[in-house]
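# Breakdown of the fold
Spelled out, the chains give:
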Amino acid sequence: MKRYLLVAALFRCALAVQAQADTDTLRARAQALLIKGDYDNALLVLNHAAEMDANNKDILRDQAYIYYLQRNYAKAVEIGKQIISGSNVDEQSYQVLGMAYKATADYTNAEKLYKKGIKLFPKSGVLCSEYGDMLAQQNRQDDAIKLWEKGIQVDPNNSNNYYYAARYYSLKGRPLWAAIYSETFVNIESLTPRTIEIKDILLSNYRKLLTTEQLQALAQSASPFEKAVANTYLKYMGMYEDELSPEALTAIRTRFILDWYGNSTAPLSFRLFDHQRLLLSQGMFDAYNQWLFGASSSTSDYQFWTSNHAQEMKDWQTYLRSVVYKIPEGQYFQH
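Residues numbered from 1 in each chain as written. Predicted model: local features only at pLDDT ≥ 70, side-chain atom pairs only at ≥ 80, totals over all residues. Heavy atoms only, no water.

Once that is clear, we can look at the pattern of salt bridges. Overall, the coordinates contain 18 salt bridges when judged by the stated rule. The salt bridge involving Arg 140 is made with Glu 111; its shortest N-O contact spans 3.5 Å. Taken together, the residues Arg 140 in the loop between α7 (125–137) and α8 (141–154) and Glu 111 in helix α6 (residues 107–120) connect sequence positions 29 residues apart. By relative accessible area, Arg 140 is classed as partly exposed at 28%. Among the ionic contacts, a cluster of salt bridges with common partners joins Lys 57, Asp 58, Arg 61 and Asp 90. (Salt bridge = Lys/Arg side-chain N within 4 Å of Asp/Glu carboxyl O. Helix = DSSP H or I, 4+ residues; strand = E, 2+ residues; numbered from the N terminus. Buried < 20%, exposed > 50% of the residue type's maximum accessible area, 1.4 Å probe, protein only.)

Here's what the structure looks like:
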């Protein structure tokens, strides 16, 4: 009898494993269709997978997301609420449901959802960025930045919070953090359409930052980090033209990095500055700065530079595509 029960249990286990394998295969097929933009057939495949495993939250989340893309927000909300009412919920399920709420301007339920989600997932940069975006849609930008800053602090490798924060600080006339967050963003998310937008913000805010008036104001800041940055840059004022070119920015940023790390009283290590120092030591800092500022400053000048420095740009592009930019926790500076 015991042997029979053991065989039966093993058989059920085998069936469960096979069913999981089948649903995983169907999900992969649906995702391939989704990438192609074939939402209808992707949904048909997922519906078939759901018949095999009706309570699979991954299948349900994929269905909700496709309904969201099809603008069937009511159905996306219906499925999303079903998912988060169960156990073992993930932050992505909260994200999809939140997106559906935002699409219908149901800000009341969206806010409740995000608060609950962030309480469950306190290190979720995704939920912080989505919640902040929702607040910004309601013209509550000063509340939104608190969420984006929190997202940067708890999940420093999520690019979305840097994207929103860079735009916010640029509009608010705070060029230091607009520049820092812009440059951090393009290092994390370096090959998307948003990269071009943020590079423009980066250049314009560096030109605003590197003025005597702006740096002197920062030098009076209560933040030790801001003071250190401002006082280092103040050494070079008057040495470059007012409309800083990429070449001038390369020169002044080189001096900054050498001084920053040559000063024993400098603040704790900062990943962005560590990155600049590494590229400087490897002979890629010129190409990196051209990549950051060149096209935003002058497309023709950038093309001329790249044509005359083909190997340098090739080395930089190879590095860019082969090394993942990661930020360690604990490098957040209050401001």
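The next subject is the packing of helix α10 (residues 175–188) against helix α15 (residues 271–281). Packing of α10 against α15 leaves a shortest axis separation of 10 Å and a crossing angle of 65 degrees. For the pair α10 and α15, the crossing hand works out as left-handed. Taken together, the residues of α15 that come into contact with α10 (itself represented by Ile 180, Glu 183, Thr 184 and Asn 187) are Leu 272, His 275 and Gln 276. Within the contact of α10 with α15, the residues separate by chemical class into 2 nonpolar, 4 polar and 1 charged. (Axes fitted to C-alpha atoms, helices over the stretch in contact; angles between N-to-C directions. Left-handed = near helix turned anticlockwise from the far one by under 90°. Contact = heavy atoms within 4.5 Å. Nonpolar A, V, L, I, M, F, W, Y, C, P; charged D, E, K, R; others polar.)

So, about α15. When we look at burial in α15, the residues that qualify are Arg 271, Leu 272, Phe 273, His 275, Gln 276 and Leu 279. Against α10, α13 (224–234), α14 (246–262), α16 (285–297) and α18 (310–322) lie the buried residues of α15.

Next up on the list: the environment of Arg 167. Turning to its location among the elements, Arg 167 is positioned in helix α9 (residues 159–171). Among the residues examined, Arg 167 registers a relative accessible area of 33% and is labelled partly exposed. When neighbours within four sequence positions are excluded, Arg 167 is seen to be in contact with Glu 197, Ile 198 and Ile 201. Reaching out from Arg 167, the side chain makes a polar contact with the side chain of Tyr 163 at a distance of 3.2 Å. (Polar contact = N/O pair within 3.5 Å; in protein donor to acceptor, adjacent residues only side chain to side chain.)

Inspection of every chain in the model, using the stated rule, returns 29 aromatic pairs. With 6.0 Å between their ring centres and 40 degrees between their planes, Tyr 169 and Tyr 181 make a pair best called tilted. Here Tyr 169, found in helix α9, pairs with Tyr 181, found in helix α10; they are 12 residues apart in sequence, far enough to count as distant. Assessed through its relative accessible area of 4%, Tyr 169 is described here as buried. By relative accessible area, Tyr 181 is classed as buried at 3%. Measuring from centroid to centroid gives 5.5 Å for Phe 270 and Phe 333, while their planes differ by 65 degrees, and the two rings are edge-to-face. Of the two residues, Phe 270 sits in the loop between α14 and α15 while Phe 333 sits in the segment after α18, which places them 63 residues apart along the sequence. One cation-aromatic arrangement involves Arg 194 over Tyr 163; the distance from NZ or CZ to the ring centre is 4.3 Å. Lying over the aromatic face of Tyr 325, Arg 271 brings its terminal NZ or CZ to 4.4 Å of the ring centre. (Phe/Tyr/Trp six-rings, centres within 6.5 Å; stacked < 30°, edge-to-face > 60°. Lys NZ or Arg CZ within 6 Å of the ring centre and 35° of its normal.)

Each packed pair of helices is defined by two parameters, the angle between the axes and the distance between the axes. The interhelical angle for the contact between helix α5 (residues 91–103) and α7, taken along N-to-C directions, is 10 degrees, at an axis separation of 10 Å. One finds that α5 runs roughly parallel with respect to α7. Residue-level inspection shows Glu 91, Tyr 94, Gln 95, Met 99 and Lys 102 of α5 in contact with α7, the latter providing Val 126, Leu 127, Glu 130, Asp 133, Met 134 and Gln 137. Residues belonging to the contact of α5 with α7 are distributed by class as follows: 5 nonpolar, 2 polar and 4 charged. (Parallel < 35°, antiparallel > 145°, perpendicular 65-115°, else oblique.)

Let's shift gears to the environment of Met 284. You can see Met 284 is positioned in the loop between α15 and α16. When its relative accessible area of 8% is taken as the criterion, Met 284 is described as buried. Spatially, the C-alpha atoms of Met 284 and Thr 184 are 17 Å apart, while their sequence positions differ by 100 residues. In contact with Met 284, not counting residues within four places along its chain, are Leu 279, Asp 315, Trp 316 and Tyr 319.

With respect to the helices and strands, the residue His 335 is situated in the segment after α18. Assessed through its relative accessible area of 28%, His 335 is described here as partly exposed. Expressed as a C-alpha distance, the spacing of His 335 and Trp 177, which sit 158 residues apart in the sequence, is 8.9 Å. Side chain to side chain, His 335 and Glu 149 meet in a polar contact 2.7 Å long. Side-chain polar atoms of His 335 contact the side chain of Tyr 169, separated by 3.3 Å.

With respect to the element layout, Glu 226 can be found in helix α13. By relative accessible area, Glu 226 is classed as buried at 5%. Not counting chain neighbours up to four residues away, the residues in contact with Glu 226 comprise Arg 174, Leu 176, Trp 177, Leu 218, Ser 221 and His 335.

So, on to a negative patch on the surface. A grouping of Glu 241, Asp 242, Glu 247, Asp 286, Asp 301, Glu 312 and Asp 315 is seen on the molecular surface, where their side chains present a negatively charged patch. Turning to its location among the elements, Asp 286 is positioned in helix α16. (Patch = residues over 30% accessible without salt bridge, like charges linked within 9 Å, V, L, I, M, F, W, Y side chains within 5 Å. Areas by Shrake-Rupley, 256 points an atom, 1.4 Å probe, with all protein chains shown as cover. Lys, Arg positive; Asp, Glu negative; His and termini not counted. Charge placed at Lys NZ, Arg CZ, Asp CG, Glu CD.)

Mapped onto the fold, Gln 276 is located in helix α15. Residue classification places Gln 276 among the buried positions, given a relative accessible area of 1%. Polar side-chain contacts of Gln 276 include one of 3.0 Å to the side chain of Glu 183. Not counting chain neighbours up to four residues away, the residues in contact with Gln 276 comprise Glu 183, Arg 253, Ile 257, Phe 285 and Tyr 288.

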